[in-house]
Amino acid sequence: MEKDQNLSQDKISQSSADLIDALKHSFEFWHKNYIDAPLNYPLIWKKALDSNSEISKRIEKTWRSTIKQGTEIQIEQFLECWSQAIRKSNFELAKKPIQEWQTFWENTTAEQFKMYSEVLKVLEKYWKNEQRKSIE
């Protein structure tokens, strides 16, 4: 039992490290490009979901034990917190509010950590595609 718990903790630690890497990349992208014109990230996320049914399916699979509405609220809360955090002057200050959000992270699984990383990547990819379309 203890071995399983340690293995589970290792997976969560690795997943949270992956999330920190994704947060850093996201910070660098959004902060560098859009600090003077803050965007509505939850709205961009909803539009990204509408254009990418595959990510919707993966989210539903990841949060299979919770209802869809609850999942949407969790992702929106995460994005709301992150949209405020990326306005900080550097990444260390930006990740601090995310790390201090203990009640949010307490019951997060390794799979969910990975999904939050994926959400950040999908957001960036969607936004780049939209900007490319606008230029064309």
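On a predicted model such as this, the values are computed, not experimentally measured, just so you know.

How each quantity is defined
Residues numbered from 1 in each chain as written. Predicted model: local features only at pLDDT ≥ 70, side-chain atom pairs only at ≥ 80, totals over all residues. Heavy atoms only, no water. Helix = DSSP H or I, 4+ residues; strand = E, 2+ residues; numbered from the N terminus. Buried < 20%, exposed > 50% of the residue type's maximum accessible area, 1.4 Å probe, protein only. Core = buried A, V, L, I, M, F, W, Y, C linked by side-chain atoms within 4.5 Å. Phe/Tyr/Trp six-rings, centres within 6.5 Å; stacked < 30°, edge-to-face > 60°. Arc of directions from axis to C-beta. Salt bridge = Lys/Arg side-chain N within 4 Å of Asp/Glu carboxyl O.

Thoughts on the environment of aspartate 18
1) Next: Within the secondary structure, aspartate 18 is located in helix 1 (residues 2-34).
2) Next: Judged by relative accessible area, aspartate 18 falls into the partly exposed class, the value being 30%.
3) Next: Sequence separation between aspartate 18 and alanine 110 is 92 residues, and the spatial gap between their C-alpha atoms is 10.0 Å.

What to know about the nonpolar core
Buried together is how nonpolar side chains tend to be arranged in soluble globular proteins.
1) Next: Counting 36 residues, the largest nonpolar core has Leu19, Leu23, Trp30, Trp45, Phe78, Trp82 and Trp105 as the members making the most contacts within it.
2) Next: It is helix 7 (residues 110-135) that provides the largest number of residues to this core, a total of nine residues.

Looking at the packing of aromatic side chains
Aromatic ring pairs are reported here in terms of the distance separating the ring centres and the angle at which the planes meet.
1) Next: Taken as a whole and judged by the stated rule, the model has 11 aromatic pairs.
2) Next: When the centroid spacing of 6.2 Å and the interplanar angle of 45 degrees are considered together, the rings of tryptophan 30 and tryptophan 127 count as tilted. Of this pair, tryptophan 30 sits in helix 1 while tryptophan 127 sits in helix 7; the two residues are 97 residues apart in sequence, bridging distant segments of the chain.
3) Next: Ring centres of phenylalanine 104 and tryptophan 105 lie 4.9 Å apart, and the angle between their planes is 90 degrees; on these two criteria the pair is classed as edge-to-face. You'll find phenylalanine 104 and tryptophan 105 in the same group, each marked buried.
4) Next: Three or more aromatic residues joined by ring pairs make a cluster, and in this case those are Phe78, Trp101, Phe104, Trp105, Phe113 and Tyr116.

Notes on helix 2 (residues 41-51)
1) Next: For helix 2, every residue scored as buried is listed here: Tyr41, Pro42, Ile44, Trp45, Ala48 and Leu49. Down the axis, helix 2 shows its buried residues gathered within 155 degrees of arc, on one side only. Exposed positions of helix 2 whose direction lies more than 90 degrees from the buried face are Asp50 and Ser51.

A closer look at the pattern of salt bridges
1) Next: As enumerated under the stated definition, the model contains three salt bridges in all.
2) Next: Glutamate 28 is paired through a salt bridge with lysine 24; the nearest N and O atoms lie 3.9 Å apart. In this pair, glutamate 28 and lysine 24 both sit in helix 1, four residues apart, roughly one turn of the helix.
3) Next: Residue lysine 24 is classed as partly exposed on the basis of its relative accessible area of 39%.

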